[in-house]
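Residue-level structural notes
If you want the building blocks of each chain, they are given just below.
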Amino acid sequence: MNLKQIEIFVTVAELGSFSKAAQVLGTAQPALSRQVRQLEVALHEHLFARNGRGVELTEAGQRMLLHGRTILQTVANARADFGAHRQEPVGRATIGLPPSIARRITVPLIQRFKSHLPKARLEVVEGLSSHMTGWLIDGQMDMALLYNPQPHLSLSITPLARERLCLIGRQDSLPPGPVAFGDLPRYPLVMAQKGQIFRSLMEAQALLHGTPLNVAWEVASLPVIFDLLKAGHGFAVLTETALDSHQEHGDSTLDARLIHTPEIPCTLCLAQRAHYRESLLIQRTKAELVALVERVMGRA
């Protein structure tokens, strides 16, 4: 067993495909298959079972994935620790961003990272807050920006910015001023699936006030939601930051109206694993991320 085999195994496991892993790692697929087979021989276990779409982990493979991630993280921490003594952060930092702000801050974040941490690597993962919470706890990322995260013993949570939900749609379809929550049933909504944080906030208020939501379409992709809004197929409930991220690319078809009575606040937080010794790289990465969020969105 060696680190190369473990890295290949973890990559194949996370992507669910040898061909996708080969593209990511820049290695021929037969070479990856040989490395994984050598690992299976060393462990005396079958780690993958093939299916019609690629491969899936066996029970032994699931156990090995937990060990593999821990091993790779430990090695990364060791490298970062030695880099810290040279005051040159090295290694890899993985950051999770929600779709509503990923488009707005990913490019400036990478630019800051490239300028201030040139010897380190940055991986940006986009995902829903509910999903990224689990990825953080499992050790798949170092930190994430989450909306309204639930308290968890395994997480350290720091509020960064407070936003309010708005009704977003075509400018020619919106009323001139803010929209009362009780008036929302007249607007057909395009919403993400149940469990997504903005939808959960809306459903909680709807239940509390006895106001049913008029959910016309359920769409998981934020860019597709904006396409539907521009085509006049409904309205969405999102933050102004989400709309700003879309309009930074030159589109002014859509506009936002604050929802009131009640206003629906949501708090963007920085979340990390609790009781985790931060390397210099993670400290510097966190500082860059927090500074960027405060500049783009303002302090909490």
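What you are looking at is a predicted structure, and each value in this text was computed from that prediction instead of being measured.

Cut-offs and rules
- Residues numbered from 1 in each chain as written.
- Predicted model: local features only at pLDDT ≥ 70, side-chain atom pairs only at ≥ 80, totals over all residues.
- Heavy atoms only, no water.
- Buried < 20%, exposed > 50% of the residue type's maximum accessible area, 1.4 Å probe, protein only.
- Helix = DSSP H or I, 4+ residues; strand = E, 2+ residues; numbered from the N terminus.
- Contact = heavy atoms within 4.5 Å.
- UniProt positions renumbered as here; feature names shortened; annotations may be inferred.
- 1 Å grid on protein atoms, 1.4 Å probe; cavity = no way out; pocket = protein on both sides within 12 Å on 5 of 7 lines; lining within 4 Å.
- Points joined across faces, edges and corners; volume = space filled by probe spheres on them.
- Nonpolar A, V, L, I, M, F, W, Y, C, P; charged D, E, K, R; others polar.
- Domains from an automatic or database assignment.
- Buried area = accessible area lost by both parts, 1.4 Å probe.
- Salt bridge = Lys/Arg side-chain N within 4 Å of Asp/Glu carboxyl O.
- Polar contact = N/O pair within 3.5 Å; in protein donor to acceptor, adjacent residues only side chain to side chain.
- Phe/Tyr/Trp six-rings, centres within 6.5 Å; stacked < 30°, edge-to-face > 60°.

A few words on helix α9 (residues 240-247). All buried positions along α9 are accounted for by Thr-241, Ala-242, Leu-243, Ser-245 and His-246. Structurally, α9 contributes buried residues whose contacts are with α5 (99-116), β6 (155-170), α8 (222-230), β10 (236-239), β11 (254-260) and α10 (280-297).

The UniProt record annotates "domain: HTH lysR-type" (unreviewed entry) at residues 1-58. Counting secondary structure, residues 1-58 comes out at 62% helix and 14% strand; the distance between its end C-alpha atoms is 19 Å.

Space inside the largest pocket adds up to approximately 980 Å³. Residue lining of the largest pocket: 25 residues in total, with Glu-7, Glu-14, Leu-72, Arg-92 and Glu-123 positioned closest to the centre. A class-by-class count of the residues in the lining of the largest pocket yields eleven nonpolar, six polar and eight charged. Considering only enclosed or pocket space, the second largest pocket measures out at about 150 Å³ in volume. Secondary-structure elements contributing two or more residues to the lining of the second largest pocket are α6 (129-137) and α7 (197-209). If you tally residues by element for the lining of the second largest pocket, the top one is α6, at three residues.

When cut into domains, the chain gives domain 1 (3-82), domain 2 (89-160 + 267-298) and domain 3 (163-265). Counting residues at the interface gives twelve residues for domain 2 and 17 residues for domain 3. Counting the surface lost from both domain 2 and domain 3, the interface buries some 1300 Å², and carbon and sulfur atoms represent 58% of this. Along the contact surface separating domain 2 from domain 3 lie one salt bridge. For Arg-104, the salt bridge identified is with Asp-244, shortest N-O distance 3.6 Å. Scanning the region where domain 2 abuts domain 3 turns up two residue pairs in polar contact (both at pLDDT 80 or more). Elements represented by at least two residues in the side of domain 2 that touches domain 3 include exactly α5 and α6. Its residues placed into classes, the side of domain 2 that touches domain 3 shows five nonpolar, five polar and two charged.

This part is about the packing of aromatic side chains. What the rule picks out here adds up to four aromatic pairs. Between Tyr-187 and Phe-235 the ring centres are 5.0 Å apart and the planes differ by 80 degrees, which places this aromatic pair in the edge-to-face class. Placement of Tyr-187 in the loop between β7 (179-180) and β8 (189-191) and of Phe-235 in the loop between α8 and β10 is noted, with a sequence separation of 48 residues between them. Classification of Tyr-187 as buried rests on a relative accessible area of 9%. Through pairs of rings, three or more aromatic residues link up here, namely Phe-9, Phe-18 and Phe-48.

It is worth spelling out empty space enclosed by the protein at this point. The full count for this structure, using the stated rule, is two cavities of 30 Å³ or more. As a volume, the largest cavity reaches approximately 240 Å³. In terms of lining, the largest cavity is formed by 21 residues, of which the most central are Ala-192, Gln-196, Phe-198, Leu-222 and Leu-238. Among the elements of the structure, α5, α6, β8, α7, α8 and β10 are those that each provide at least two residues to the lining of the largest cavity. For the lining of the largest cavity, the per-class residue count stands at 15 nonpolar, five polar and one charged.

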